[in-house]
Amino acid sequence: MRTRSLIAAGMAIALTLPLTAAVAAAAATAWALRQPPVLVWKDCGDGLSCADMVVPVDWADPDGPTTSVHLAKLPARDPARRVGPLVVNLGGPASTAAGLRFRDDPHFNPERAALLRELSQTFDVIAIDPRGLAESASSRSPSVSCPEPAPPVTGLVTARTKRDWDAHAAKMKMHYASCRKMAGPVWHGLTSWQVAHDLDALRAALGQRTLRYAGNSYGTVFGQAYLELFPRRVGRMYLDSIGDHTSADLEPWLVNAARAQERQLTRFRDWCADRRDCALHGHDAGEVFDALLSRARRAPLPAANGSPIVTEGQLLASAIFGLNPGKWPEFATALRKARDGNAADFLTVLAPPKGDLDVSDVMHCNDLMPEPPTYQRFQAIEARLRAIAPRFGWIEGRYQVGWCWGRPTSGGPSWAPHPLRVAANVPPVLVAIGELDNNTNPLGQAHVAAQIPGARVLWHGDGHFAWRDNACVRRHANAYLATGVLPPRGKRCPAEKIHRVGK
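A few points on the structure. The shown structure was predicted, so the numbers you read here are calculated from the model rather than taken from an experiment. (Residues numbered from 1 in each chain as written. Predicted model: local features only at pLDDT ≥ 70, side-chain atom pairs only at ≥ 80, totals over all residues. Heavy atoms only, no water.)

A separate point is the packing of helix α6 (residues 250-274) against helix α12 (residues 395-402). Between α6 and α12, whose axes approach to 8 Å, the crossing angle comes to 125°. When the axes of α6 and α12 are compared, the pair comes out oblique. The handedness of the crossing between α6 and α12 is right-handed. On the side of α6, the interface is formed by L250, W253, L254, A257, A258 and Q261, while α12 contributes E396, G397, Q400 and V401. For the contact of α6 with α12, the residue count by class is 6 nonpolar, 3 polar and 1 charged. (Axes fitted to C-alpha atoms, helices over the stretch in contact; angles between N-to-C directions. Helix = DSSP H or I, 4+ residues; strand = E, 2+ residues; numbered from the N terminus. Parallel < 35°, antiparallel > 145°, perpendicular 65-115°, else oblique. Left-handed = near helix turned anticlockwise from the far one by under 90°. Contact = heavy atoms within 4.5 Å. Nonpolar A, V, L, I, M, F, W, Y, C, P; charged D, E, K, R; others polar.)

Before going further, it helps to spend a moment on the state of the cysteines. All chains considered together, the criterion is met by 5 disulfides. Between the sulfur of C44 and that of C50 lies a disulfide, 2.1 Å long from S to S. Judged by the torsion about the S-S bond (65°), the C44/C50 disulfide is right-handed. On the basis of relative accessible area, C50 is assigned to the buried category, the value being 6%. Through a disulfide, C272 is tied to C278; the S-S separation comes to 1.9 Å. In this structure, the disulfide formed by C272 and C278 twists by about -80° around the S-S bond and is classed as left-handed. Each member of the pair, C272 together with C278, is buried. In the chain, the cysteines engaged in disulfides, taken in order along the sequence, are linked 1-2, 3-4, 5-6, 7-8, 9-10. (Disulfide = S-S within 2.5 Å. Buried < 20%, exposed > 50% of the residue type's maximum accessible area, 1.4 Å probe, protein only.)

Right, let's get into the packing of aromatic side chains. Going through the model one piece at a time under the given rule, you end up with 16 aromatic pairs. Plain terms: the ring middles of W165 and Y375 are 5.2 Å apart, the flat faces sit at 80° to each other, and that makes the pair edge-to-face. Of the two residues, W165 is situated in helix α3 (residues 162-183) and Y375 in helix α11 (residues 375-388); the sequence distance between them amounts to 210 residues. Among the residues examined, W165 registers a relative accessible area of 2% and is labelled buried. Geometrically, the ring pair formed by F289 and F392 is edge-to-face, given 5.6 Å between the ring centres and 85° between the ring planes. With F289 in helix α7 (residues 285-298) and F392 in the loop between α11 and α12, this residue pair connects regions lying 103 residues apart in the sequence. A relative accessible area of 0% places F289 in the buried class. You can call F392 buried: its relative accessible area is 0%. For the cation-ring pair, K162 lies above Y375, with the distance from its terminal atom to the ring centre recorded as 5.3 Å. For R386, the ring lying beneath its charged end belongs to W394, and the centroid distance is 3.6 Å. (Phe/Tyr/Trp six-rings, centres within 6.5 Å; stacked < 30°, edge-to-face > 60°. Lys NZ or Arg CZ within 6 Å of the ring centre and 35° of its normal.)

Moving on: unusual backbone geometry. Backbone geometry at D46 places phi at a positive 60°, although glycine is not the residue there. Take D46: it is sitting in the loop between β1 (42-43) and β2 (49-56). In the Ramachandran plot, F465 falls in the positive-phi region, its phi being about 60° despite a non-glycine side chain. With respect to the helices and strands, F465 occurs in the loop between β9 (456-460) and α14 (466-469).

Here it is, written out as structure tokens:
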């Protein structure tokens, strides 16, 4: 580490956390009682009402400068069945208010639209945008755009030399500098610790004694912070596809990700063997991948139609996204075509996303990796990851570190990972974990759930964000949010989306 290890950082936070949480919660309560936020809802299109909530830039200094966060509300469609507000964050940490906008067109995110229609039968569904990430369409809250783009999220996956790593770090430093300049005072509030306080301010502004909250993916990091800071104000909380913020040491966190990704390749192979419509049906898809990777290590794979050749790093980078269950048909087709002499799909159909142009990656790193390892330290970690997950999973180490490699390690906000400390009398929390989730891996999710007293875990056979597209998960989650009734202990929902993939 550059100045101290992640373990030491986590221990320091753990030692001061109870006092810090108590002081911050008291300050937030005093601020809300003295000047409770006033929400002025206005029509903002698509059947939504929007508002901007004024909050302190830093909740540790509630009398200091203020900023505002954007809110969007999808009102309950049946007033007779309305049970109150449900605050949601559908993942990110980018804008989630924009996620409430949908049309009746079935080709426009139909599964998300169906979820929102069902929720809005009984709830006023309210989305809160994290600081600096407001949707631009209807917000007066600051939305920070960074002039210098971040390096590609797979930049370290394709890196071959120390010079490549240094180039990635240099681009990241420029990105951070441009974000900080554009953010201004908002910069100092870019952590989930601050967002949790915003959630509690919203609870107070809505006139609610407790918070009813549902978070997916990065929204679960906000949920973990709220559980820790405001356990007495937790009403019902549903967490889907948990991002693990509880590992003070980086290496075990990466080990879980590597093991899960290694297992994902095996499950993709098994899926392909069972599906006649898989492009590699009748062949061992895992062995085809292994053979292509071995060829790419010796020489880049050819691509037809004038496309550039495909290097080992590019094959690995695209495979990270190809192993998302929703991409399995395209991944199988790309493997077959590459085996037959045309690897172009790895540069087109399965091309990794480009770097973000906002501050979502900044908050991600402030929370999950405020102090990335040194190059030398990571090389040692990677060697151990290769021993644990030698076929493919080891590459998760580079992918995860690449999000934050080169970020400044001083002069900015942070909320470093640490063991979760939640009061024993917190109301039951429902947690959904997908066996095929290669975004927020199931090993890390289970690690978090085990630290929440009384948590009820609902395992299912699908991947990321099953609340959206697994009817069994959605039925149990929505029933719990509306009535407080939890699924039976040991309940498991079968895979649904994966059986629809390719049909």
